[in-house]
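# Observations on the three-dimensional arrangement
Spelled out, the chains give:
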Amino acid sequence: MSKLKSLSAAVFVTFALSGCASVEEPVADNEFLHTEPAMPLGNVEYHTAILAEELFTNLPLNRQHRYAVATFVPIQSMRFNAKMQSPLMLLGHQLEQGLMTEASRRGFITQDYKTSNDIVVMDDSETVFSRDIAKLSATQSADFFISGTITEQQEGAIVNARIIHVQTKDVVAAATKFFPAELFWQREKVTSRNGMIYRTGS
């Protein structure tokens, strides 16, 4: 009986050792941590979300109020300039669309005043958006405007956002966020100074 127990123990030890030998060595956790950092291109929505968090944090939610979001404009001219071919030239339009999304996510009712009264059918597509005043609703019922200004810096732009009461023009909320220039174009390839484009790398 003792011989049988000894034989069983020997077999068990043999299988245990062979099992250990077949187990792969664990990979150190830090080997997965040293990956290349993600490029900031396309992360404008992340910066927009941070801006929105500051803008809406202390604003009471009222489902009876309507919000209209307008394009963010350069502080110098207060209007979009298509000839200013800077890396952040489309930031004002993106902020308009992004903050409309962020407001809706938080339960605020936003109105898209560029929505036409009918679906516009074109040769290659259909749209419900228009900048033709004749195709838009003559009445707007927004209670608050959301917009702001863009101040360009050497490495990006400072965005100042605000929520304005339509009738009183009171600013009921405001926020500031820096948007890096490489959100749209890689810094090492192009830069813009005084409205001129310069290539800084291959």
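Calculation notes
- Residues numbered from 1 in each chain as written.
- Predicted model: local features only at pLDDT ≥ 70, side-chain atom pairs only at ≥ 80, totals over all residues.
- Heavy atoms only, no water.
- Helix = DSSP H or I, 4+ residues; strand = E, 2+ residues; numbered from the N terminus.
- Buried < 20%, exposed > 50% of the residue type's maximum accessible area, 1.4 Å probe, protein only.
- Patch = residues over 30% accessible without salt bridge, like charges linked within 9 Å, V, L, I, M, F, W, Y side chains within 5 Å.
- Areas by Shrake-Rupley, 256 points an atom, 1.4 Å probe, with all protein chains shown as cover.
- Salt bridge = Lys/Arg side-chain N within 4 Å of Asp/Glu carboxyl O.
- Pairing = 2+ DSSP bridges.
- Phe/Tyr/Trp six-rings, centres within 6.5 Å; stacked < 30°, edge-to-face > 60°.
- Expected span 1.5 Å × (residues − 1).
- Contact = heavy atoms within 4.5 Å.

### Points about the side chain of Thr149
Relative to the helices and strands, Thr149 is located in strand β6 (residues 144-153). A relative accessible area of 5% places Thr149 in the buried class.

### Here's the deal with a nonpolar patch on the surface
A grouping of Ile119, Val121, Val128 and Phe129 is seen on the molecular surface, where their side chains present a nonpolar patch of about 390 Å² in accessible area. Counting only elements with at least two residues in the nonpolar patch, the list comes to β4 (115-121) and β5 (126-129). Within the fold, Val128 resides in strand β5. Accessibility expressed as a relative area gives 32% for Val128, which makes it partly exposed.

### Overview of the pattern of salt bridges
Side chains bearing opposite charge may pair, as long as their charged atoms lie close to each other. A full pass over the atoms with the stated rule returns 3 salt bridges. Between Glu53 and Arg106 there is a salt bridge; the shortest N-O distance is 2.9 Å. With Glu53 in helix α2 (residues 44-56) and Arg106 in the loop between α3 (91-105) and β3 (109-111), the pair connects residues that are 53 residues apart, well separated along the chain. With relative accessibility at 26%, the residue Arg106 sits in the partly exposed group. If you follow the salt bridges from partner to partner, you end up with Glu53, Glu102, Arg105 and Arg106 in one network.

### Thoughts on the pairing of strand β7 (residues 156-165)
Note: β6 against β7, 10 bridges, orientation antiparallel. Opposite Ser147, over in β7, you have Arg162 as the bridge partner. The antiparallel pairing of β6 with β7 creates a hairpin that spans 2 residues between the two strands. By the bridge criterion, 9 bridges tie β7 to strand β8 (residues 171-180) in an arrangement that is antiparallel. Looking at the pairing, Ile158 lines up with Phe178 of β8.

### Observations concerning the packing of aromatic side chains
For the structure shown, the criterion picks out 3 aromatic pairs. Geometrically, the ring pair formed by Tyr67 and Phe144 is stacked, given 5.1 Å between the ring centres and 15° between the ring planes. Of this pair, Tyr67 sits in strand β1 (residues 66-69) while Phe144 sits in strand β6; the two residues are 77 residues apart in sequence, bridging distant segments of the chain. Through a chain of ring-to-ring contacts, three or more aromatic side chains come together here, namely Phe56, Tyr67, Phe108 and Phe144.

### With respect to α3
Over its 15 residues, α3 runs 20 Å from end to end, which matches the ideal 21 Å to within 8%, given 1.5 Å per residue. For α3, the set of buried residues is Leu91, Gly92, Leu95, Glu96, Gly98, Leu99, Met100, Glu102 and Ala103. For α3, the elements touching its buried residues are α2, β1, β3, β6, β7 and β8. Gly107 lies just past α3 and shows a positive phi near 95°.

### Focus: the environment of Val172
Following the sequence through the fold, Val172 ends up in strand β8. With relative accessibility at 39%, the residue Val172 sits in the partly exposed group. In this view, Val172 contacts Leu59, Phe144 and Ile163; residues no more than four positions away in its chain are not counted.

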